[in-house]
Amino acid sequence: MTSVKAETLTVQPPIPQKHLSRFRKKTGIYLIRRNETVLFIGSSNNIYKAVMRHFQKGGSLSHLNRNRLTFEVVQSHLLFRNIETVLKRYYLPKYNKRIKAKGKQSRYEKSHSNRILEAYLHQTRFEVQGEHQTDLNNS
């Protein structure tokens, strides 16, 4: 089975909101998390502006304290819509609209989705709680 090359997806380490400004005018996919829970997944040509719009008055996440959230950015040469859809199906974020199934996926679509997800999970810095000894000590 061929996998998506690690170079095709670049997953940035989780960052707090105050460091998000380094992604001005950068294109990619962003995940907004509270602890281990993914709250929102989106894509934009200007990640910083798109994220900040969610926290403005009347925005979908305006009721949340953005200083307690972490942000993860995924940059890639692949189609962002594909990556975003795969991540939304995997995480089912609370504040995203649910993805409607368009019927049965072809074998190619399934394998492509699995390759994207595998490449993302291989690079993400968010770990499952209790997986490492240091996590057990911090609990």
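Residues numbered from 1 in each chain as written. Predicted model: local features only at pLDDT ≥ 70, side-chain atom pairs only at ≥ 80, totals over all residues. Heavy atoms only, no water.

K.L.:
How would you sum up the side chain of Asn96? Please name residues and give values.
P.N.:
Counting through the fold element by element, Asn96 comes out in the loop between helix H2 (80-91) and helix H3 (107-123). Of the polar contacts made by the side chain of Asn96, one reaches the backbone nitrogen of Ile41; its length is 2.8 Å. Excluding anything up to four places from it in sequence, Asn96 contacts Leu39, Phe40, Ile41 and Lys88. (Helix = DSSP H or I, 4+ residues; strand = E, 2+ residues; numbered from the N terminus. Polar contact = N/O pair within 3.5 Å; in protein donor to acceptor, adjacent residues only side chain to side chain. Contact = heavy atoms within 4.5 Å.)

K.L.:
Give me the environment of Tyr30: which residues, what numbers.
P.N.:
Mapped onto the elements of the fold, Tyr30 is located in strand E3 (residues 28-34). Accessibility expressed as a relative area gives 4% for Tyr30, which makes it buried. Tyr30 sits 13 residues away from Ser43 along the chain, and the two C-alpha atoms are 6.0 Å apart. Ignoring any residue separated from it by four or fewer positions in sequence, one finds Tyr30 in contact with Phe40, Ile41, Gly42, Ser43, Ser44, Ile47, Ala50, Val51, His54, Glu72 and Val73. Here the side chain of Tyr30 touches His54 through a polar contact of 2.9 Å, side chain to side chain. (Buried < 20%, exposed > 50% of the residue type's maximum accessible area, 1.4 Å probe, protein only.)

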